[in-house]
Amino acid sequence: MPSLERLVFQQSFEGLIRALGDHLDDSCARQLREVGIDPRGKLSVAYPLDVWVESLKLAASVLAPAATLDDGAEVVGRRFLEGYGATLIGSALLAGVRLLGPHRMLERMTRNLRTGTNYLEARLEQTGPTRYVLTCRPVVVAGFYRGLFAAGLEMSGAHGASVVLMRSAGDAAVYDLSWLPEKGASKPPDVKAPPARSPEPRS
């Protein structure tokens, strides 16, 4: 039985085009067409994974020409979410993200990752009050998700958000996501008051 072709759906490419913004000039558009996507035409419902990877690499080189591929892809990931928030539907959804807070935002975004392609697996595990481990596979350019989740945490109201690639083994990437707890979020242990003492007699 032939293996399923890995496809990336239209909405991911729409986000990539929005991430490029004013950087999408004639030269950039031509290079995107060369790798298989016409940013100024009607997008297909889905594209092969290699078209997504080459488009992502191109966007990273345009937005962060002096950076490594992973660091440039992190910039793309951040702008991907910020650009989506500039659309009518995206602004409404991100307004909801702020109400959801970081915990529920992560759960929702992890589910959304699984709907952007026909192959991506994402598993989220809470390891502390404000800490999660996210495992994604298969991942070709790990920096993209680092930027995507950092921007999502910040938009959800998480302060001091941090997204670190813990390890990359085979086609799996494992991320550590954390943020600073809100003041007063953790309840201090109950302290019993000392027993009342009867007043001392006056001399």
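Residues numbered from 1 in each chain as written. Predicted model: local features only at pLDDT ≥ 70, side-chain atom pairs only at ≥ 80, totals over all residues. Heavy atoms only, no water.

Caption draft 1: Seen up close, the sheet that holds strand β3 (residues 121-128). Taken together, the 4 strands give an open sheet; going across it, the order is β3-β4-β6-β5, and neighbouring strands pair in antiparallel fashion. Each edge of the open sheet is held by one strand with a lone partner, namely β3 and β5 (159-169). Sheet twist, expressed as the average angle between the axes of neighbouring strands with direction ignored, equals 20 degrees. Docked against the sheet, helix α6 (residues 142-155) engages β4 (131-137), β5 and β6 (172-180), running at close to 160 degrees with respect to β5. (Pairing = 2+ DSSP bridges. Helix = DSSP H or I, 4+ residues; strand = E, 2+ residues; numbered from the N terminus. Axes fitted to C-alpha atoms, helices over the stretch in contact; angles between N-to-C directions. Contact = heavy atoms within 4.5 Å.)

Caption draft 2: View of the pattern of salt bridges. Summed over the entire model, instances satisfying the criterion amount to 9 salt bridges. One salt bridge connects R78 with E154, and the closest N-O pair in it is separated by 3.0 Å. In this pair, R78 is assigned in helix α4 (residues 69-85) and E154 in helix α6, connecting sequence segments 76 residues apart. Overall, R78 belongs to the partly exposed group, its relative accessible area being 25%. Put simply, R137 and D171 hold a salt bridge, and the shortest N to O gap is 3.8 Å. Here R137, found in strand β4, pairs with D171, found in the loop between β5 and β6; they are 34 residues apart in sequence, far enough to count as distant. Its relative accessible area of 34% is what places D171 among the partly exposed residues. (Salt bridge = Lys/Arg side-chain N within 4 Å of Asp/Glu carboxyl O. Buried < 20%, exposed > 50% of the residue type's maximum accessible area, 1.4 Å probe, protein only.)

Caption draft 3: Layout of the environment of Y119. Note on placement: Y119 falls in the loop between α5 (88-115) and β3. On the basis of relative accessibility, which here comes to 14%, the residue Y119 falls in the buried class. Beyond its immediate chain neighbours, meaning those up to four positions away, Y119 contacts R6, L7, V8, L49, R137 and P138.

Caption draft 4: Geometry of the confidence of the model for the protein chain. On average, the protein chain scores 86 in pLDDT, and the residues at 70 or more come to 86%. Looking across the protein chain, the model is least confident in α5, with a mean pLDDT of 80, and most confident in helix α2 (residues 26-35), with 98. Here residues 185-203 is a poorly scored stretch, pLDDT under 50, and it has 0 contacts once near neighbours within four places are set aside; other chains count. (pLDDT = per-residue confidence, 0-100.)

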